Amino acid sequence: MVEFPKSKVARGILIFLAGSSFYSQADEAQNQQDERVIEEVIATASPIRDSQKAAIDAKKAANNYADIVSADTIGRFPDQNLADSLGRIPGLAIERDQGQARYINFRGAPFRYTTLAIDGIAIPGAENGRIPRFDSFPSVITRKIEANKAIMADMPGESVAGFINIETFNPFETPGLAVAADVGYGQQKLGGGDIDKLSLRTSWSNEEFGFSLFGSKNSREQTTDNREFDLEQENGELVVNSVDIRSYKVLREDMAYGGRFEYRPSGSMDRFFLSTLYSEFQDHEERNQFVLDFAGGAAAMGGSVTPGAKGTGLTLINRMLEDGLYENSTWTHTLGADVQLGNWMVEGRINNTTTESNIFLPIPYSAAGNAMASYDLTNLNDPSVELMTANGSINDVNNYALDLFILYGSTLEIDAWKYKIDADRDVKVGSYAGQLKVGAMLDTRSTEGFGTSGSQQYHLWGVNPADYVTNTAWETDFTNSIKGTYFDNKGLRQALEQASGGLVVTPTADTQINIDEDIMVAYGMLTTDFSWGSLVAGVRIENTDYASSGPEGEQSDSFTDVLPSLHLNMDLAADLKFRASLSTAISRPTYNEWRASANVDITNQQISGGNPTLEAENAYGADFSLEWYAGDASLLALGAFYRHIDNVIYADSTKIDAGLYVPDYAGQQWDYTGFVNGQDGSFQGIEFNLIAQASDFISESLDGFGFNANITLLDSEFTTLSGAEFSLPGTSDLIYNASLFYENDSLSVRLNYQFRDDWLSTTENDSMGEYWNAQKRLDLSVSYTLPQPVLGADVSIYANANNLTDEIDIRYAGTEATPNQIERYGRRFMAGVRVNF
């Protein structure tokens, strides 16, 4: 049972929310109510061109450097989730998992430098408390997305690179009854997996009361081809130590539901509301994996691998089969009140957010089989391994020396309460008009769980995996040189559960996670309006108290950060704006980094641990932009930014005796990865953004045709404790997006191309980082709105195509000559119907 924190701040805000309506005054309510109505109309225009204009107007009116994406614009791209949509904003790049957008590198910065909020309430990341996953939230909830690049005092202090706010739909935006539905079906070409999409949103409102309800469910069946390698270079020649051949069958499902009830008393601009949102993401994964160890086979014969991309020899073979689940969920509730207290407009919020992240991976592991084999890696995009067995099939190998059962599992639960109050009023600053805004917040979080635990049995309870081989060949775009066929992984798991009496993760003491964190915030911000623009000066103070306990000890600390900011907005002309900003920020360690415990990976002989003595990273920097608002719905903008980071957190590896964590492996040297504070770092870049309607630049006869393009040039670096220099994880030197479109009242056609250059994934080895190779995507979206309503509803038919050029994803260690992962997942196609009533 969760109890309300008993601090004075929390009690004070509760008392305010309970009693504020008795003190509301309406003497200035009507004027401010009009201002609110105007803002809502600007943000929610529905025609295609007007929707783009609304987003541009919102950007122009902002008091900071930001980019806006409207819900209507999101719906007209072939985006699978919000991460795809955000990837079209200048300076934002996507990191994918098996082809699907998941994380955002905001301006080439690590994930942790970006904060995510829903209606202004920052949401903890389900996986580690900090990093948001953008594939967990459906587009059905989205009214608009604000990507804030220059951070103001009323925004979270952890927004080093940027602050993304998802503004949800409000029932008062459409008087009376409104219904919106989206039904879609598609297929992934590789494997023929089904893709299903369903969403429904309904709302009703009159002058005082309004409510909205929504729900969505999406599922994607896909096959993923994966080849991983352990490669080296010796005198310019490739040395093939091992080839890891995998085929995944994946079912990814996300579900969301929620709603909002709101009351606006007649004759005032007060409002009171209660909102809730639940979202869930599940990744059901079946894996067939074979690791062919040529270096081990050569060593067993008393030799070593001969350098060269082609070779023949004994290979040791390990087989891993899995039917597992990754899942995370977020449930957030907000009680809010906006009331007029004299000259002050006061907003109060109480929010409770609970998140949960779980991993359950049961793996029957057959070790140390062997066979003679040849390999050919002259084409690393289609590597070949041929077995010299009776049928040339990997399933001919049945001489495994040992059958093991390994069960990996982890869980992390976060319970967060926020008590937030903001107040603003008009003021005079000398002879100039201005606005004063102040606020306070208590953010208290309790985190419990355990890191990845790996339990191991030296038997399979009499179950023989070979009994579950099927005759169905792998669906693959690689050459199936090992003649792999699928195992019945689900049947094998059921047999193991029955034979064992149940598969249950039993966490070990050394993986326990217990972190409590309280963040107290106060801020003040003064906006002064001039004839030529505005100046916004602010300061935010954040005090952090945390305690991390576990088998490696207990650590607690308290620290306070003062975060000033200054934003200049100059109207050089009616359609030309210049902005300059100075800001500061803080980045606290993730809970995975701050924990006083470790994870053990028996399969890969790796251990990773937290560091509860880590210091937070501190940042300061500047932003500049020049924005030309051309024509009616066009924009040309040039921006530049710089951030300096103190105490950069990174992962570092060393060798330790595995017996310290797993007594059965005493004496073996395993990789241990921990987190440390390095030296200083920085990232900087230049952004160019063009939104061009042909009618604004060429001729009104070309109304409907247009072109969007943005280019970002980035650079970053930091220094490790050993003096090695790396770019920050997530920094691509070049990111660009381009979109050609034609849109009128009924037809919308968009062809979109995305590109990002290579970027660092991890720094776990000081001498050799791991990188993602450059990625590109070509997508197409077509929609047509019927000329006449159907039963009073507007009906649109759409078709989307993703990854038209069938790109592959590649990771490499050190240089592109030594890739360690190549992944294919194929094209995706979807068609559907949208109905608005």
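The structure under discussion appears in the preceding block.
Please read these numbers as outputs of a predicted model, since none were measured by experiment.

Rules used throughout
- Residues numbered from 1 in each chain as written.
- Predicted model: local features only at pLDDT ≥ 70, side-chain atom pairs only at ≥ 80, totals over all residues.
- Heavy atoms only, no water.
- Helix = DSSP H or I, 4+ residues; strand = E, 2+ residues; numbered from the N terminus.
- Buried < 20%, exposed > 50% of the residue type's maximum accessible area, 1.4 Å probe, protein only.
- Contact = heavy atoms within 4.5 Å.
- Pairing = 2+ DSSP bridges.
- Axes fitted to C-alpha atoms, helices over the stretch in contact; angles between N-to-C directions.
- Phe/Tyr/Trp six-rings, centres within 6.5 Å; stacked < 30°, edge-to-face > 60°.
- Expected span 1.5 Å × (residues − 1).
- Arc of directions from axis to C-beta.
- Salt bridge = Lys/Arg side-chain N within 4 Å of Asp/Glu carboxyl O.
- Patch = residues over 30% accessible without salt bridge, like charges linked within 9 Å, V, L, I, M, F, W, Y side chains within 5 Å.
- Areas by Shrake-Rupley, 256 points an atom, 1.4 Å probe, with all protein chains shown as cover.
- Lys, Arg positive; Asp, Glu negative; His and termini not counted.
- Charge placed at Lys NZ, Arg CZ, Asp CG, Glu CD.
- Polar contact = N/O pair within 3.5 Å; in protein donor to acceptor, adjacent residues only side chain to side chain.

**Considering the overall build of the protein chain**
Part 1 of the argument: If you tally the helices and strands in the protein chain, you get nine helices and 41 strands.
Part 2 of the argument: Overall, the C-alpha framework of the protein chain stretches about 90 × 65 × 55 Å when taken along its three principal axes.
Part 3 of the argument: Per-residue burial for the protein chain yields a buried fraction of 57% across its 837 residues.
Part 4 of the argument: Contacts in the protein chain between residues far apart in sequence, at least 24 positions, make up 72% of those at least 6 positions apart.

**Let's talk about the sheet that holds strand β1 (residues 66-70)**
Part 1 of the argument: In space, the five strands of this open sheet follow the order β1-β6-β7-β4-β5, with mixed pairing throughout. Strands with a single pairing partner mark the edges of an open sheet, and in this sheet they are β1 and β5 (121-122).
Part 2 of the argument: Looking at chain direction, β1 and strand β6 (residues 142-148) are connected through five bridges and run antiparallel. Its bridge partner being in β6, Ala66 is matched across the sheet by Asn148.

**Here's the deal with the sheet that holds strand β25 (residues 606-609)**
Part 1 of the argument: A sheet is described by the order of its strands in space; here four strands give the open sequence β24-β25-β29-β28, paired in mixed fashion. The sheet is open, and its two borders are formed by β24 (598-601) and β28 (649-657), each paired with just one other strand. Mean inter-strand twist for the sheet, computed between neighbouring axes without regard to direction, equals 20°.
Part 2 of the argument: For β28 and strand β29 (residues 669-677), the ladder comprises nine bridges, and the chain directions are antiparallel. Residue pairing across strands places Ala651 opposite Phe675, the latter belonging to β29.

**Looking at the packing of aromatic side chains**
Two aromatic rings, taken as a pair, are described by how far apart their centres are and by the angle between their planes.
Part 1 of the argument: Under the counting rule described, the total for this entry stands at 25 aromatic pairs.
Part 2 of the argument: Relative to Phe111, the ring of Tyr103 lies with its centre 4.6 Å away and its plane at 25°, an arrangement referred to as stacked.
Part 3 of the argument: On the accessibility criterion, Tyr103 (14% relative accessible area) is buried.
Part 4 of the argument: By relative accessible area, which is 17% here, Phe111 ends up buried.
Part 5 of the argument: Measuring from centroid to centroid gives 5.0 Å for Tyr665 and Trp670, while their planes differ by 50°, and the two rings are tilted.
Part 6 of the argument: Connected via pairs of aromatic rings, a cluster forms that spans Phe209, Phe261, Tyr263 and Phe272.

**Some thoughts on the pairing of strand β33 (residues 734-743)**
Part 1 of the argument: Where burial is concerned, the two faces of β33 differ: the one with Ile735, Asn737, Ser739, Phe741 and Glu743 is buried and the one with Leu734, Tyr736, Ala738, Leu740 and Tyr742 is not.
Part 2 of the argument: Bridging between strand β31 (residues 705-719) and β33 involves nine bridges; their strand directions are antiparallel. Paired with Ala709 across the strands is Ala738, a residue of β33.
Part 3 of the argument: With nine bridges connecting them, β33 and strand β34 (residues 747-756) associate as antiparallel partners. From the neighbouring strand, Ala738 faces β34, where its bridge partner is Tyr753.
Part 4 of the argument: Two successive antiparallel strands, β33 and β34, enclose a turn made up of three residues.

**So, helix α7 (residues 489-500)**
Part 1 of the argument: Between the first and last C-alpha of α7 there are 16 Å, a value that for 12 residues agrees with the 16 Å anticipated at 1.5 Å per step.
Part 2 of the argument: For α7, the complete set of buried residues consists of Asn489, Gly491, Leu492, Ala495 and Leu496. In an axial view of α7, the angular spread of the buried residues amounts to 160°, which keeps them on one side of the axis. Pointing more than 90 degrees away from the buried face of α7 are the exposed residues Gln494 and Gln498.
Part 3 of the argument: Residues of α7 that are buried in the fold lie against β12 (271-293), β13 (310-341), β14 (344-376), β16 (402-429) and β19 (485-487).
Part 4 of the argument: A positive phi of about 85° marks Gly501, the residue just after α7.

**Some points on the pattern of salt bridges**
Part 1 of the argument: Scanning the model with the defined rule gives 49 salt bridges in all.
Part 2 of the argument: Its salt-bridge partner being Asp97, residue Arg102 comes within 3.7 Å of it at the nearest N-O pair.
Part 3 of the argument: Residue classification places Arg102 among the buried positions, given a relative accessible area of 8%.
Part 4 of the argument: Here Asp338 makes a salt bridge to Arg271, at a shortest N to O gap of 2.6 Å. With Asp338 in strand β13 and Arg271 in strand β12, this pair connects stretches of sequence that are 67 residues apart.
Part 5 of the argument: According to the relative accessible area criterion, Arg271 is buried, its value standing at 13%.
Part 6 of the argument: One continuous salt-bridge network, built from bridges that share partners, spans Lys59, Asp67, Arg107, Lys149, Arg579, Asp623, Glu627, Arg643 and Glu687.

**Comments concerning the pairing of β34**
Part 1 of the argument: Two elements, β34 and strand β37 (residues 775-785), share 10 bridges in a ladder whose sense is antiparallel. Along β37, the bridge assignment pairs Leu751 with Leu780.

**Comments concerning a negative patch on the surface**
Part 1 of the argument: A surface patch of negative charge is lined by Glu356, Glu413, Glu448, Asp516, Asp518, Asp545, Asp557 and Glu615.
Part 2 of the argument: Within the fold, Asp516 resides in strand β20 (residues 512-530).

**Digging into the environment of Lys59**
Part 1 of the argument: Summarising the element assignment, Lys59 is placed in helix α3 (residues 48-61).
Part 2 of the argument: Taking the relative accessible area as the measure of exposure, Lys59 reaches 3% and is therefore buried.
Part 3 of the argument: Between the C-alpha atom of Lys59 and that of Trp331, which follows or precedes it by 272 residues, the distance is 30 Å.
Part 4 of the argument: Ignoring sequence-local partners within four residues, the contact set of Lys59 consists of Tyr65, Ala66, Asp67, Ile68, Arg579, Glu627, Tyr629 and Leu635.

**Some points on the side chain of Glu262**
Part 1 of the argument: On the secondary structure map, Glu262 appears in strand β11 (residues 237-263).
Part 2 of the argument: With a relative accessible area of 0%, Glu262 lands in the buried category.
Part 3 of the argument: For Glu262, the side chain forms a polar contact with the side chain of Arg260, separated by 2.9 Å.
Part 4 of the argument: Among all residues touching Glu262, those that are not within four sequence positions of it are Asn170, Phe172, Glu208, Phe209, Gly210, Arg271, Phe272 and Phe273.

**Re unusual backbone geometry**
Part 1 of the argument: Located in the positive-phi region is Asn647, a residue other than glycine, with phi close to 65°.
Part 2 of the argument: Topologically, Asn647 is positioned in the loop between β27 (635-646) and β28.
Part 3 of the argument: Of note, Asp806 is a non-glycine position whose phi angle comes to about 55°, a positive value.

**Looking at a nonpolar patch on the surface**
Part 1 of the argument: There is a patch of nonpolar side chains on the surface, built from Leu177, Trp204, Phe209, Phe211, Leu213, Phe261 and Phe837 and spanning about 670 Å² of accessible area.
Part 2 of the argument: The biggest single contributor to the nonpolar patch is strand β10 (residues 209-234), with three residues.
Part 3 of the argument: Secondary-structure assignment places Phe211 in strand β10.

**Considerations on the environment of Asn391**
Part 1 of the argument: As for its placement among the helices and strands, Asn391 is situated in the loop between β15 (384-387) and β16.
Part 2 of the argument: Each C-alpha atom, one on Asn391 and one on Gly814, is 37 Å from the other, the two residues being 423 residues apart in sequence.
Part 3 of the argument: The contact partners of Asn391, leaving out residues within four places of it in the chain, are Asp396 and Lys483.

**Some details on the side chain of Glu95**
Part 1 of the argument: Structurally, Glu95 is set in strand β2 (residues 92-97).
Part 2 of the argument: The side chain of Glu95 sits in the buried core without any salt bridge; Arg811 is the nearest counter-charge, 4.4 Å away.
Part 3 of the argument: A polar contact is formed between the side chain of Glu95 and the side chain of Trp759, at a distance of 2.9 Å.
Part 4 of the argument: Once residues within four sequence positions are removed from consideration, Glu95 is found in contact with Gln100, Ala101, Arg102, Tyr103, Asn105, Phe111, Arg756, Trp759, Trp772 and Arg811.

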